[in-house]
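# Fold and contact review
Next come the chains, spelled out residue by residue.
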Amino acid sequence: MADSKSQIQWIRNDKTGKNSYKEELTTFLNPSHINHALQWLKQMEEYQETPLVYLKKLAGLMGVQDILIKDESHRFDLNAFKVLGGAYAVVRVLCERLGKEPEEVSLKELLSEDTRKKFGEILFVTATDGNHGHGLAWAANKLGHKAHIFMPKGSSLFRLKRIQKEGATAEITDLNYDDAVRYSQEYAEQNSGIVVQDTAWENYEKIPGWIMQGYAIMANEIIMEIEKDERKPPTHIMLQAGVGSFAAAIVGYFVEKYRENAPKFIIVEPDQADCYYRSAKINDGLPHAVGGDMNTIMAGLACGEPNLVGWKIINHYAAAYISCPDEIAARGMRILAAPLDGDEIIISGESGAVGVGLLSVIMENASLKELKDHLELDENARVLCINTEGDTDPEHYRKVVWDGKNPYEA
Ligand SMILES: Cc1ncc(COP(=O)(O)O)c(C=O)c1O
């Protein structure tokens, strides 16, 4: 279904039904596992919960009960959520090498001379649009190891330098994201490295599973804060997807926590890299890939091949898949940068802002009424969006927010 003005395409997922909990899909994201991951990362002095911001005025304007923004631009001073996954995966790889469970190992032990002597310097390898590589480089450095990072064609030089600043070697390739992922595997094999990739494929599921557990810490923090404040949980969650590890991690946690009362999950992708939307459209029960350069300002979401573990979770639980042009993300960035009087400013990058941009367009645009009704986005809706990155490409951020690049026309 397409909206002719905004070029938003969407498709509903009617498989979602009450009582359709499928244990085998999400037990690894159960709050008890995620709490372990959280306890581990809490040992790092950089760990701090990120803010959960209520945009009351915006909610009023849009006609919903609440808009909550989990603001990951404050995560570990790294301006994006991704380090949660990379750091936890590196920790788990190191614990495994020690032959111990993470509960049996402390950060101090991992950093000790003894452990260093046992391991030597390990090389971690990955492909990234920027944020995952930045997080992995940070974690490898923090734990005394090395990282080599491959970036896809067209990656931002600012993001490359930011990774190199964390002590990693990094390069921009002439490959798209998915080919860079394959290339990093070859490189790791040739250089005795360990691939820590933020997506799963056949026979490569353990490390991405740890990464997803790290991501689910965000959901854990959100729920803890909501419960502490005796507020009600969200009824809707906007989840932007690249390979879908992030979205599936959040879905999995909420499903484990609330089962049949879980919120509605809305999967949002750039139209140039909408592999979930297209897979839903083909609807043969299999994930389908998008190829080519995937030119979008939402660099973090420019991934054409779904994470196989994530796809199963999302395919089962998503309420709708929405494919968006860049203008929607740009609108979200501007809405958050120039809030209504009384709401807080949020610095949100391209991949972080698309959920808010989309919500605004759905609520305002009569031609999207069928989608709004399907999702039951009304005055009872409490909508959670996760600002997964701040201005990770500051020059482009200013072009959008200051100069009005990618204008949205209603
Ligand atoms: C800022 C940002 N948001 C969202 C995502 C999407 O995560 P995933 O690729 O797991 O779907 C990414 C991925 O790199 C990202 O960098």
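Criteria and cut-off values
Residues numbered from 1 in each chain as written. Predicted model: local features only at pLDDT ≥ 70, side-chain atom pairs only at ≥ 80, totals over all residues. Heavy atoms only, no water. Helix = DSSP H or I, 4+ residues; strand = E, 2+ residues; numbered from the N terminus. Rg over C-alpha atoms; globule rule 2.2 N^0.38 Å. Buried < 20%, exposed > 50% of the residue type's maximum accessible area, 1.4 Å probe, protein only. Contact = heavy atoms within 4.5 Å. Areas by Shrake-Rupley, 256 points an atom, 1.4 Å probe, with all protein chains shown as cover. Pairing = 2+ DSSP bridges. Axes fitted to C-alpha atoms, helices over the stretch in contact; angles between N-to-C directions. Near = heavy atom within 4 Å. Polar contact = N/O pair within 3.5 Å; in protein donor to acceptor, adjacent residues only side chain to side chain. Nonpolar A, V, L, I, M, F, W, Y, C, P; charged D, E, K, R; others polar. Domains from an automatic or database assignment. Buried area = accessible area lost by both parts, 1.4 Å probe. Salt bridge = Lys/Arg side-chain N within 4 Å of Asp/Glu carboxyl O. Core = buried A, V, L, I, M, F, W, Y, C linked by side-chain atoms within 4.5 Å. Phe/Tyr/Trp six-rings, centres within 6.5 Å; stacked < 30°, edge-to-face > 60°. Lys NZ or Arg CZ within 6 Å of the ring centre and 35° of its normal. Disulfide = S-S within 2.5 Å.

## Overview of the overall build of the protein
Secondary structure summary: the protein contains 18 helices and eleven strands in total. In summary, the protein has a C-alpha radius of gyration of 20 Å against a globular reference of 22 Å for 410 residues, a match within 12%. When the backbone C-alpha atoms are referred to their principal axes, the protein occupies close to 65 × 45 × 45 Å. Here the protein, with 410 residues, has 60% of them falling under the buried criterion. For the protein, long-range pairs separated by at least 24 residues make up 74% of all intrachain contacts whose partners lie at least 6 apart in sequence. Total accessible area on the protein is roughly 16400 Å²; 45% of this is exposed by carbon and sulfur atoms.

## As for the sheet that holds strand β6 (residues 169-172)
Strand pairs in the sheet, formed through backbone hydrogen bonds, run parallel or antiparallel to each other. An order of β6-β5-β4-β7 is seen for the four strands of this open sheet, with the pairing classed as parallel. Single-partner strands in this sheet number two, and they are β6 and β7 (194-195). Sheet analysis places strand β4 (residues 123-127) next to strand β5 (residues 146-151), joined by five bridges and oriented parallel. From the neighbouring strand, A127 faces β5, where its bridge partner is F150. Against the sheet, helix α8 (residues 157-165) contacts β5 and β6, and its axis sits at roughly 165° relative to β6.

## A few points about the site of the ligand
Of all residues adjacent to the ligand, which total 16 residues, the nearest are N131, G242, G244, F246 and T388. Residue F246 places a main-chain N or O atom 2.9 Å away from an oxygen atom belonging to the ligand. Measuring from an oxygen atom of the ligand, one finds a backbone N or O atom of G300 at 3.2 Å. With the chains in place, 99% of the 380 Å² that the ligand exposes on its own is no longer accessible. Residues that form the shell around the ligand fall into these classes: five nonpolar, eight polar and three charged.

## Section: the domain arrangement of the protein
For the protein, the assigned domains read domain 1 (9-78 + 211-401) and domain 2 (83-197). Centre-to-centre, using C-alpha coordinates, domain 1 lies 25 Å away from domain 2. Taken together, the 35 residues of domain 1 in the interface contact 32 residues of domain 2. For the pairing of domain 1 and domain 2, the buried interface totals around 2800 Å² over both sides, and the portion due to carbon and sulfur atoms is 64%. For R159, the salt bridge is made with E389, and the minimal N-O distance between the two is 3.9 Å. Taken together, the links from domain 1 to domain 2 amount to eleven residue pairs in polar contact (both at pLDDT 80 or more). When contributions to the side of domain 1 that touches domain 2 are tallied by element, the ones reaching two or more residues are α2 (31-41), α10 (206-215) and α11 (217-228).

## Description of the pattern of salt bridges
Considering all chains together, one arrives at 19 salt bridges under this definition. Two residues, D293 and K153, come together in a salt bridge whose shortest N-O distance is 3.4 Å. Linking D293 in the loop between α13 (275-282) and α14 (308-317) with K153 in the loop between β5 and α8, this pair joins segments that are 140 residues apart in sequence. Notably, a salt bridge pairs E364 with R331, separated by 3.0 Å at the nearest N-O pair. A residue pair is termed long-range when its members are at least 10 positions apart, and E364 in helix α16 (residues 350-364) and R331 in helix α15 (residues 326-337) qualify at 33 residues. Each of K70, E72, R75 and E221 takes part in a single network of salt bridges with overlapping partners.

## Here's the deal with the nonpolar core
F124, I207, L239, I250, F254, I267 and Y321 are the most contacted members of the largest nonpolar core, which totals 103 residues. Looking at this core element by element, the count peaks at eleven residues for helix α4 (residues 83-98). Listed in part, the 46 residues of the second largest apolar core include A59, I266, I297 and A353.

## Concerning the packing of aromatic side chains
Evaluated as defined, the whole model comprises nine aromatic pairs. When the centroid spacing of 6.5 Å and the interplanar angle of 85° are considered together, the rings of Y47 and F76 count as edge-to-face. Residue Y47 is found in the loop between α2 and β2 (52-54), and its partner F76 is found in the loop between β3 (66-71) and α4; the two are separated by 29 residues along the sequence. By relative accessible area, Y47 is classed as buried at 12%. On the basis of relative accessible area, F76 is assigned to the buried category, the value being 5%. Ring geometry for F81 against Y215: centres 4.8 Å apart, planes inclined by 65°, an arrangement best described as edge-to-face. You can see F81 sitting in the loop between β3 and α4 and its partner Y215 sitting in helix α10, a full 134 residues away along the chain. Through a chain of ring-to-ring contacts, the aromatic side chains of Y47, F76 and W138 assemble into a single cluster. It is K257 that lies over the ring of Y258; its NZ or CZ is 6.0 Å from the centre. Of note, R259 hangs over the ring of Y21, and the distance from its end group to the ring centre comes to 3.8 Å.

## What about the state of the cysteines?
By the definition in use, this model includes zero disulfides. Among the cysteines around C324, which has no disulfide bond, C385 carries the closest sulfur, lying 12 Å off. Assessed through its relative accessible area of 0%, C324 is described here as buried.

## A closer look at the sheet that holds strand β11 (residues 382-387)
Taken in spatial order, the seven strands of this open sheet run β1-β10-β9-β8-β11-β3-β2, and their pairing is mixed. Because the sheet does not close on itself, it has two edges, and the strands there are β1 (9-12) and β2. Across the sheet, the axes of successive neighbouring strands diverge by a mean angle of 20°, strand direction being ignored. Where strand β8 (residues 236-240) lies against β11, three bridges are found, and the strand directions are parallel.

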